[in-house]
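Listed below are the residues making up each chain.
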Amino acid sequence: MRDCKAVAPAPPENPSTVNLRFVAGTIEIRGWAPQATGLPYHCAWDERSTCFRAPAYGYADIVRALRKLSVTYLDEARRYEELAQPALVHRTPRPYQTEALAAWSAARFHGVVVLPTGAGKTLVAHLAIDNRRRSTLVVTPTLDLVRQWHDGLRTTFGTKIGIVGGGDYDVQPITVTTYDSAYLHMEHLGCRFGLVVFDECHHLPGESYALGARFCLAPFRLGLTATPERSDGRDALMDELVGPVVYRKDIVELAGEYLSQYETVRVSVDLSPDERAEYERERAIYRQYLAESGISMSSPRGFSDFIMRSSRTDDGRRAFTAYRRQREIAFTAPAKLDFVERLLHQHRCDRTIVFTQDNATVHLLSRKFLIPAITHHTRVSERSAILRAFSEGAYTAIATSKVLNEGVDIPEANVAIVMSGSGSVREHVQRLARILRKGVDKQAILYALVTGGTSESMTSMRRRDHVAYR
């Protein structure tokens, strides 16, 4: 195989025979002589099939190249259609939503729109679908979001909305799916949509999910996220898979007028002398093992190496136990639990979400303060019942780990207590965003509880590295 570089364009000998076909997530270009040039860079000669081939996402570039060369071609690749009817429900967009749509349109309908949670990213997508009026696939990270998108699209467009995922396989001109299902089915479905919307598109650059994007030929692509940056640096791939960031507004730009006013409070608590002694003892065992094993926890594979190597010896298993214990001391310090109790009483008339790093702490809070717990183990029906009761005021507080970080609409929530978390900036911004839905006279507040003199202090500083906390 050889790359087909775009050098001095030379049409093929028989341009009238050029044919485009979608085959298993790729575009076959037949009738283009192997020695000819002018196709986009991602086209390569396939000796086995005796044709040029490209990943399906190169479809738009291929069509533009053929048109530029005035080559007549037969397009058997695309199977998408124009939507039969426009949107039936029209909501007046906010100025920044109109600006976002205009920026996306100016970028040839390719690109990422960055807006805070609660700022109306979904409406931007509805406007984009109505603007293009092509068969559309919406890709989301969770089944909860599939249902939310399904209901919203059905209301706006007044038509049957397809679902692929969670046991359903119903493909309609407008269909919603998960990233996992898109990866599994895109080599068959990738020709059936002219517009693809990637919700929470910071998930997209993962290796498997990226393949799903490459197998889709949709010439129009819209990414939506509040936090495009990734700690692994793979967010750079979004330019290739969906397009560059074409429009961005941060929380501080919309707070007050379009999002709730908010305050962030960082609270540091101390360990007792006995707790401090145990913390230092356990942390020393853990750190000594890292040093002796040459493991750097700051490297991309540091934690994976620690898990794998610590399981092989008694010293390693003791080090892992020490690692877990020193985290437990920092995450669930009695002073923290006392402060959470005080905050729950202080905000007993509000709607409060208590966030933790792990499920064990969620269940500890649930037992201690008699509040519902939601983790990734919670059944969808139970989770929906808890959130509905929370919305109606039957519950005024819930405890959760990471499962409510993104994609769940909880407009009544106005207080967040971050009892523990990772160093991820995205996670912290997502947790803040959960309480920022606009409400009448609503004032949101986020408390970040940190155990002083522990590794959590540095973690807290890293995760606050965002304009929303400055």
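Our subject is the structure listed above.
Quick look at the structure, then. Just so we're clear, the structure is a prediction, and the values are computed from it rather than from any experiment.

The rules behind the values
Residue numbers run consecutively from 1 along every chain, following the written order of its sequence. Confidence filtering applies because this is a predicted model: local features only for residues at pLDDT of at least 70, side-chain atom pairs given and counted only at 80 or more, and all residues used for totals across whole chains, interfaces and linings. As a convention, hydrogens and water are excluded, and side-chain values are obtained from all of the structure's heavy atoms. Only when DSSP finds a minimum of two bridges between them are two strands counted as paired. Secondary structure counts use DSSP, requiring at least four H or I residues in a row for a helix and at least two E residues in a row for a strand, with both numbered from the N terminus. Axis definition: a line fit to C-alpha positions, over the contact stretch in the case of helices; interaxial angles, taken between N-to-C directions, run 0 to 180 degrees. Contacts between residues were defined by any pair of non-hydrogen atoms, one from each residue, lying within 4.5 Å. Only buried residues count toward a nonpolar core, which is a set of Ala, Val, Leu, Ile, Met, Phe, Trp, Tyr and Cys residues joined through side-chain atoms within 4.5 Å. Whether a residue is buried, partly exposed or exposed follows from its accessible area with a 1.4 Å probe, protein chains only, as a fraction of its type maximum: under 20%, in between, or over 50%, in that order. Here roughly perpendicular refers to angles of 65 to 115 degrees, roughly parallel to angles under 35, roughly antiparallel to angles over 145, and oblique to all remaining angles. Here a crossing is taken to be left-handed if its near helix is turned anticlockwise relative to the far helix by less than a right angle, and right-handed if that turn runs clockwise. Amino acids outside the nonpolar list (Ala, Val, Leu, Ile, Met, Phe, Trp, Tyr, Cys, Pro) and the charged list (Asp, Glu, Lys, Arg) are all regarded as polar, and Gly is one of them. Each Phe, Tyr or Trp ring (for Trp, its six-membered ring) is paired with any other whose centre lies within 6.5 Å, and the angle between the two planes then decides the class: stacked below 30 degrees, edge-to-face above 60, tilted in between. Our definition puts a charge over a ring when NZ of Lys or CZ of Arg is within 6 Å of the ring centre and also within 35 degrees of the ring normal. A patch is a set of surface residues, each over 30% in relative accessible area and not in a salt bridge, joined within 9 Å for like charges and within 5 Å for the nonpolar side chains Val, Leu, Ile, Met, Phe, Trp and Tyr. To measure how exposed things are, a 1.4 Å probe is used in the Shrake-Rupley method; for residues, cover is taken only from the protein chains shown. Salt-bridge detection follows one rule: a side-chain nitrogen of Lys or Arg within 4 Å of a carboxyl oxygen of Asp or Glu. To estimate the expected span of a helix, count its residues, drop one, and scale the result by 1.5 Å. Arc, as used here, means the arc of the directions from the helix axis to the C-beta atoms.

Our next topic: the sheet that holds strand β2 (residues 26-30). As summarised here, the arrangement of the 5 strands in space is β3-β4-β2-β1-β5, forming an open sheet in which the pairing is mixed. Whereas interior strands pair on both sides, the edge strands pair on one side only; in this sheet they are β3 (44-46) and β5 (73-76). Each strand axis lies, on average, 30° off the axis of its neighbour in the sheet, ignoring direction. By the bridge criterion, 3 bridges tie β3 to strand β4 (residues 51-55) in an arrangement that is antiparallel. The residue bridging Trp-45 from the neighbouring strand is Phe-52, located in β4. Strands in contact with helix α1 (residues 59-68) are β1 (18-23), β2, β4 and β5; relative to β1, the strand with the most contacts, it is inclined by about 175°.

Before going further, it helps to spend a moment on the nonpolar core. Core analysis: the largest hydrophobic core is formed by 56 residues, its most contacted members being Trp-149 and Leu-153. Ignoring any residue separated from it by four or fewer positions in sequence, one finds Leu-153 in contact with His-126, Ile-129, Val-138, Gly-158, Ile-161, Ile-174 and Val-176. By size, the runner-up hydrophobic cluster in this structure holds 24 residues, among which are Leu-20, Trp-45, Val-71 and Leu-217.

Okay, the environment of Gln-430 next. Along the chain, the position of Gln-430 falls in helix α15 (residues 425-433). Note on Gln-430: relative accessible area 8%, which makes it buried. The spatial distance from the C-alpha of Gln-430 to the C-alpha of Arg-133 is 31 Å, given a sequence separation of 297 residues.

Now for the packing of helix α12 (residues 334-346) against helix α13 (residues 359-369). One way to put it is that α12 packs onto α13 with a least axis distance of 12 Å and a crossing angle of 55°. As far as their axial angle goes, α13 and α12 are oblique. Relative to α13, α12 is oriented so that their crossing is right-handed. Touching Leu-337, Val-340, Glu-341 and Leu-344 of α12 are Leu-364, Leu-365, Lys-368 and Phe-369, all from α13. Here the contact of α12 with α13 is composed, by residue class, of 6 nonpolar, no polar and 2 charged.

For the structure shown, the criterion picks out 14 aromatic pairs. Ring geometry for Phe-109 against Phe-220: centres 5.4 Å apart, planes inclined by 80°, an arrangement best described as edge-to-face. In this pair, Phe-109 is assigned in the loop between α2 (95-106) and β6 (110-114) and Phe-220 in strand β12 (residues 220-225), connecting sequence segments 111 residues apart. Exposure class is identical for Phe-109 and Phe-220. Each is buried. Put simply, the rings of Tyr-286, Tyr-289, Phe-303, Phe-306, Phe-320 and Tyr-323 pair up and form one aromatic cluster. Seen from the ring of Phe-109, Arg-132 lies directly overhead, with NZ or CZ sitting 3.7 Å from the centre.

Here we take up the pairing of β1. Looking down a regular strand, the side chains alternate between one sheet face and the other. Pairing analysis gives 4 bridges linking β1 to β5, with the strands arranged parallel. Residue pairing in the sheet places Val-18 in a bridge with Tyr-73 of β5. Relative to β2, β1 runs antiparallel, the two sharing 5 bridges. Considered in β2, the bridge of Phe-22 is made with Ile-27. Once β1 ends, the chain turns through 2 residues before running back antiparallel as β2, passing Ala-24 with a positive phi of about 50°.

On the surface, a cluster of nonpolar side chains totalling about 260 Å² of accessible area is made up of Tyr-183, Leu-184 and Leu-211. Structurally, the position occupied by Leu-211 is in helix α6 (residues 207-214).

Our focus in this paragraph is α12. With 13 residues, α12 should cover 18 Å at 1.5 Å per step; its first-to-last C-alpha distance of 18 Å lies within 8% of that length. Of all the positions in α12, only Lys-336, Leu-337, Phe-339, Val-340, Leu-343 and Leu-344 are classed as buried. Around the axis of α12, the buried residues are gathered within 160° of arc, so they sit on the same side. In α12, those exposed residues whose orientation departs by more than 90 degrees from the buried face are Arg-342 and His-345.

Glancing now at the pattern of salt bridges. Tallied over the entire structure, the rule returns 21 salt bridges. The residue Glu-229 makes a salt bridge to Arg-248 at a minimum N-O spacing of 2.9 Å. Of this pair, Glu-229 sits in the loop between β12 and α7 (238-241) while Arg-248 is found in strand β13 (residues 245-248), placing the two residues 19 residues apart along the sequence. Arg-248 sits in the partly exposed class, given a relative accessible area of 30%. Connected through salt bridges with shared partners, the residues Arg-21, Glu-28, Arg-30, Asp-46 and Arg-53 form a single ionic network.

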